[in-house]
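# Understanding the architecture of this molecule
The lines below spell out each chain.
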Amino acid sequence: MIEQTLATVVKQLRDRHNLSQKELAHQAKVGRSWLSHVESGLRKKPEDDKLRRLAAVLQVPADTLLALAGYDVRPKPLPELRKAEII
């Protein structure tokens, strides 16, 4: 099984929705640099309210992103990711 990190999952979901970082950041009302840090793994435990907004735009359960960020929640399962989809 491929390890799913917050960084890889957010990027993969953004790619599935054909959104640039700028577009996703705008729709989720977060900064583009904040999103870039999440996708690069530099922001280890992003703010929960911002993750909830990302989840809404990316159409995934917020608990999934929160769990990947280290929050104490029960994550909903993500669809299986193919190795080629994770960069």
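Here the structure is a predicted model, which is why all the values come from computation and not from measurement.

Within helix α1 (residues 6-16), 8 of the 11 residues are buried, leaving the element largely enclosed by the surrounding structure. Burial in α1 covers these residues: Leu6, Ala7, Thr8, Val9, Val10, Gln12, Leu13 and Arg14. Packing partners of the buried residues in α1 comprise α2 (21-28), α3 (32-40), α4 (48-58) and α5 (62-68). The first or second residue beyond α1 is asparagine 18, which carries a positive phi of 55 degrees.

Once that is clear, we can look at the confidence of the model for the protein. Here the protein averages 87 in pLDDT, while 82% of its residues score no lower than 70. Per-element confidence in the protein ranges from a low mean pLDDT of 92 for α5 to a high of 98 for α2.

Here the focus is the nonpolar core. Ranked by internal contacts, the top residues of the largest apolar core, which has 22 residues, are Leu54 and Leu65. When contributions to this core are tallied by element, the ones reaching two or more residues are α1, α2, α3, α4 and α5. Looking at this core element by element, the count peaks at 5 residues for α4.

Once that is clear, we can look at the side chain of glutamine 21. Positionally, glutamine 21 belongs in helix α2. Among the polar contacts listed, one links the side chain of glutamine 21 to the side chain of glutamate 39, at a separation of 2.9 Å. Here glutamine 21 is in contact with Arg14, Arg32, Leu35, Ser36 and Glu39, once residues within four sequence places are set aside.

This part covers the packing of aromatic side chains. By the definition in use, this model includes 0 aromatic pairs. Over the aromatic face of tyrosine 71 sits the side chain of lysine 45, whose NZ or CZ is 4.6 Å from the ring centroid.

Further remarks concern the pattern of salt bridges. Per the stated rule, a full pass over the model turns up 5 salt bridges. A salt bridge links arginine 53 to aspartate 49, with the nearest nitrogen and oxygen atoms 3.5 Å apart. With arginine 53 and aspartate 49 both in helix α4 and 4 residues apart, the pair spans about one turn of that helix. Look at the salt bridges and you will find they share partners, linking Lys11, Arg14, Asp15 and Glu39 into a network.

Let us now look at unusual backbone geometry. Phi at asparagine 18 is positive, roughly 55 degrees, even though this residue is not glycine. Residue classification places asparagine 18 among the exposed residues on the basis of a relative accessible area of 67%. Even without being a glycine, glutamine 59 presents a positive backbone phi close to 60 degrees. By the element assignment, glutamine 59 lies in the loop between α4 and α5. Exposure remark for glutamine 59: the relative accessible area of 65% places this residue in the exposed category.

Reading the values: the criteria
- Residues numbered from 1 in each chain as written.
- Predicted model: local features only at pLDDT ≥ 70, side-chain atom pairs only at ≥ 80, totals over all residues.
- Heavy atoms only, no water.
- Buried < 20%, exposed > 50% of the residue type's maximum accessible area, 1.4 Å probe, protein only.
- Helix = DSSP H or I, 4+ residues; strand = E, 2+ residues; numbered from the N terminus.
- Contact = heavy atoms within 4.5 Å.
- pLDDT = per-residue confidence, 0-100.
- Core = buried A, V, L, I, M, F, W, Y, C linked by side-chain atoms within 4.5 Å.
- Polar contact = N/O pair within 3.5 Å; in protein donor to acceptor, adjacent residues only side chain to side chain.
- Phe/Tyr/Trp six-rings, centres within 6.5 Å; stacked < 30°, edge-to-face > 60°.
- Lys NZ or Arg CZ within 6 Å of the ring centre and 35° of its normal.
- Salt bridge = Lys/Arg side-chain N within 4 Å of Asp/Glu carboxyl O.

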